[in-house]
Amino acid sequence: MKPVTVIEGSSPIILGQPHSGTWMPDEVLAVLKPEAHGLADTDWHIPELYDGLVPGATVVRANFNRYLIDANRAPDGASLYPGQNTTGLVPLVDFEGRPIWLVEPDEAEIGRRLASFHGPYHAALRAQIERVRQMHGVAVLYDCHSIRSTLPFLFEGRLPDLNIGTNSGTSCDPEIGRAAVIACEAADGFNVVLDGRFKGGWTTRHYGNPASGVHAIQMEIVQDRYLASEQPPFTYSPEKAAPLRDVLAEVFEQIRLTIGDIA
C-alpha cells in the first residue's frame with residue numbers, strides 16, 4: 001500500500017485530502033479496540049465528493065486512516081486547540097471521547113508511523129506546492145475535510161454546514177477566504193462560518209504563507225449534507241451531494257477569479 005496518492009494537475013489549486021483513507025496495517029488493527037474497527041471518524045467519500053470539481057487540480061491524498069496517524073496534526077504532537085477537546089497526532093480516543101486502543105502506541109511506534117506515513121504525505125504535499133507555485137507564481141492549497149454534524153465531545157450543538165478555516169485570516173489572502181464565504185452564502189439552504197470551531201488544521205497553518213505566494217484554506221463539511229446517514233455504513237448519496245457539489249464548484253470558481261486579482 002502506497003501511503004500517498006498524488007495526481008498532478010495544471011491548475012493553481014491543490015486538493016489536500018488527509019483524512020479520507022481507510023487503510024490500516026493488520027498489526028495495528030490487532031491492537032485497536034474492535035468497536036473502533038469501523039473507523040467512524042474518517043472523512044468519508046471526500047475523493048468522490050470533490051471529483052471533477054476543479055479541472056486540472058492537483059490531488060494529494062493520504063491512503064492511511066487517521067487512527068494510524070493523523071496527517072493533519074503537527075509532527076511534535078502540539079495541540080491545535082489548546083484547552084479544548086480534540087484528537088492528537090495518534091488519536092487515543094475517538095470523536096466521542098472513547099478510548100480506541102487495546103494497547104496504546106509507545107514513542108517508538110509513533111516515530112515509526114511518522115516516518116512511514118506522516119512524513120511521506122507531507123513530502124508529497126511540499127513537492128506539489130512548490131511545483132504548482134513555480135508553474136503559476138501562486139499555489140492555493142485547499143484542504144478537504146468532513147465531520148459528523150453533532151459531536152458533543154468536540155463542540156456544542158450542531159456545526160454549520162460549511163466551516164471555512166484560514167487561521168484567522170493569516171493562512172491565505174483575506175480575499176480568498178472572503179470569496180469562499182460569499183460563494184457559500186449565495187447558495188440556498190446552506191449555512192457557513194469563517195474561522196469558527198475549525199480555523200484550519202496543521203496543514204493549513206503550516207503551509208499557508210501568502211507573502212510567498214502559498215495560500216492555504218480548509219473546508220470542513222458536515223457529513224449529513226452528502227451522506228445517506230451519519231451512521232454506518234456511511235453511504236455516499238449522489239442526490240444529497242448534488243447541491244453541495246454545486247456550491248463547492250462555485251467556491252472554486254470564485255477562488256479562481258480571486259487568484260487572478262491577487263497574483
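Residues numbered from 1 in each chain as written. Predicted model: local features only at pLDDT ≥ 70, side-chain atom pairs only at ≥ 80, totals over all residues. Heavy atoms only, no water.

Undergrad: I'd like to hear about unusual backbone geometry, residue by residue, with values.
TA: In the segment running from Pro 232 into Pro 233, the intervening peptide bond is cis, with an omega of 10°. Its place among the elements puts Pro 233 in the loop between strand E7 (214-222) and helix H6 (238-262). One non-glycine residue with positive phi stands out, namely Ser 168, at about 55°. Here Ser 168 is to be found in the loop between strand E5 (162-165) and helix H4 (174-185). (Helix = DSSP H or I, 4+ residues; strand = E, 2+ residues; numbered from the N terminus.)

Undergrad: How would you sum up the pairing of E7? Please name residues and give values.
TA: Along E7, 9 of the 9 residues are buried, which leaves the element largely enclosed by surrounding structure. Burial of E7 is two-sided: the residues Val 214, Ala 216, Gln 218, Glu 220 and Val 222 facing one way and the residues His 215, Ile 217, Met 219 and Ile 221 facing the other way are all buried. Note: strand E4 (residues 139-147) against E7, 9 bridges, orientation parallel. Bridged to His 145 within E7 is Glu 220. Pairing between E5 and E7: 4 bridges, direction antiparallel. Following the sheet pairing, Ile 164 is matched in E7 by Met 219. (Buried < 20%, exposed > 50% of the residue type's maximum accessible area, 1.4 Å probe, protein only. Pairing = 2+ DSSP bridges.)

Undergrad: Can you break down the sheet that holds strand E6 (residues 192-194) residue by residue, with the values?
TA: Overall, mixed pairing links the 7 strands, which are arranged E1-E3-E2-E4-E7-E5-E6 in an open sheet. At either margin of the open sheet sits one strand with a lone partner, and together these are strand E1 (4-7) and E6. Looking at each pair of strands side by side, their axes are set apart by 15° on average, direction ignored. Across 4 bridges, strand E2 (residues 13-17) lies against E4 in parallel orientation. Residue pairing in the sheet places Leu 15 in a bridge with Tyr 142 of E4. (Axes fitted to C-alpha atoms, helices over the stretch in contact; angles between N-to-C directions.)

Undergrad: Tell me about the packing of aromatic side chains, and please be specific about residues and values.
TA: Applying the stated criterion across every chain, the model contains 9 aromatic pairs. Look at Trp 44 and Phe 234: their rings are 4.8 Å apart centre to centre, the planes differ by 10°, and that puts the pair in the stacked class. With Trp 44 in the loop between helix H1 (26-29) and helix H2 (46-50) and Phe 234 in the loop between E7 and H6, the pair connects residues that are 190 residues apart, well separated along the chain. Each member of the pair, Trp 44 together with Phe 234, is buried. (Phe/Tyr/Trp six-rings, centres within 6.5 Å; stacked < 30°, edge-to-face > 60°.)

Undergrad: Break down the nonpolar core for me, citing the residues and quoting the values.
TA: Counting 39 residues, the largest nonpolar core has Leu 15, Leu 49, Tyr 50, Tyr 142 and Leu 248 as its most contacted members. For Leu 15, the residues in contact, after removing those within four places along its chain, are Tyr 50, Val 54, Ala 57, Thr 58, Val 59, Val 60, Tyr 142, Cys 144 and Phe 252. Counting 30 residues, the second-largest nonpolar core is a separate cluster that includes Ile 14, Ala 36, Ile 100 and Phe 117. (Core = buried A, V, L, I, M, F, W, Y, C linked by side-chain atoms within 4.5 Å. Contact = heavy atoms within 4.5 Å.)

Undergrad: Would you mind going over the layout of surface pockets in detail, with residue names and values included?
TA: Empty space within the largest pocket amounts to approximately 220 Å³. Around the largest pocket, the lining comprises 16 residues; the ones closest to its centre are Glu 35, Ala 40, Asp 94, Glu 96 and Arg 98. Residue classes in the lining of the largest pocket are distributed as 8 nonpolar, 2 polar and 6 charged. As a volume, the second largest pocket reaches approximately 160 Å³. If you trace the second largest pocket, you find 13 residues lining it, with Leu 15, Tyr 50, Asp 51, Gly 52 and Val 59 closest to the centre. Looking at the lining of the second largest pocket, the elements with two or more residues in it are E2, H2 and strand E3 (58-62). Partitioning the lining of the second largest pocket into residue classes produces 9 nonpolar, 2 polar and 2 charged. (1 Å grid on protein atoms, 1.4 Å probe; cavity = no way out; pocket = protein on both sides within 12 Å on 5 of 7 lines; lining within 4 Å. Points joined across faces, edges and corners; volume = space filled by probe spheres on them. Nonpolar A, V, L, I, M, F, W, Y, C, P; charged D, E, K, R; others polar.)

Keep in mind these numbers describe shape, not what the thing actually does.
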